[in-house]
Amino acid sequence: MTDNARATAAPPIDTRLKIAALWTSLLFIFAYVDIFAFFRADILQGALAGKVAVFTVDQSFLLLTTIYVIIPSLMISLSLILPPRANRLSNIIVAAVYALTILGSCIGEVWIYYWLGSLTEVLLLLVIIRYAWKMP
């Protein structure tokens, strides 16, 4: 590499930062796919009637949904502060479980925006797994 190329090359990004950034991106997509759903009459009417898919919106549903969002939110910080072994395991396990739940939520879904958002989420989770697997 020439001196000029070295001077303009970006410094390497720590794997932990890459994983934290991927979790952050995932959460933005989570939020926007859910927000966009409220432009759908079927979703909006169901929500107003206290239903989301087959679930009744009650204390338990909202508690479990909040926990579902808290976990990847915490993964942003945990990816930066956990020791390497715990970091690797937690990222691989949590990302794999979330990929499965996202794929499961696609069953019966016909809206393309939802499939695109879900596919993007799963791809981000696969990249998280790959980075965590190769983490030094």
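Note: the structure precedes this text.
Cut-offs and rules
Residues numbered from 1 in each chain as written. Predicted model: local features only at pLDDT ≥ 70, side-chain atom pairs only at ≥ 80, totals over all residues. Heavy atoms only, no water. Helix = DSSP H or I, 4+ residues; strand = E, 2+ residues; numbered from the N terminus. Expected span 1.5 Å × (residues − 1). Buried < 20%, exposed > 50% of the residue type's maximum accessible area, 1.4 Å probe, protein only. Contact = heavy atoms within 4.5 Å. Phe/Tyr/Trp six-rings, centres within 6.5 Å; stacked < 30°, edge-to-face > 60°. Core = buried A, V, L, I, M, F, W, Y, C linked by side-chain atoms within 4.5 Å.

Q: It is not clear to me how helix 5 (residues 84-105) should be interpreted in this structure. Could you clarify?
A: Helical geometry: 3.6 residues make up each α-helical turn, so side chains three or four residues apart lie on a common side. Taking 1.5 Å as the rise per residue, helix 5 with 22 residues should run 32 Å; its terminal C-alpha atoms sit 31 Å apart, in good agreement. Within helix 5 the residues assigned to the buried category are Asn87, Ser90, Asn91, Ile92, Val94, Ala95, Tyr98, Ala99 and Ile102. Close packing links the buried residues of helix 5 with helix 2 (15-37), helix 4 (59-81) and helix 6 (112-134).

Q: Is there a simple way to explain the packing of aromatic side chains in this structure?
A: In this description, an aromatic ring pair is defined by two values, namely the gap between the centres and the angle between the planes. Enumeration according to the criterion identifies eight aromatic pairs in this entry. Between Tyr113 and Tyr114, the ring centres sit 6.2 Å apart and the planes meet at 85°, which makes this aromatic pair edge-to-face. In this structure an aromatic cluster arises from ring pairing among Phe30, Tyr68 and Tyr98.

Q: What is the right way to look at the nonpolar core in this model?
A: The nonpolar side chains of a soluble globular protein tend to be buried, and buried together. With 20 residues, the main nonpolar core has Ile19, Trp23, Leu26, Phe30, Ala95, Leu125 and Ile128 as its most contacted residues. Put simply, the parts of the chain that give this core at least two residues each are helix 2, helix 5 and helix 6. If we skip the residues at most four places from it in the chain, Ile128 touches Ile19, Leu22, Trp23, Asn91 and Ala95.

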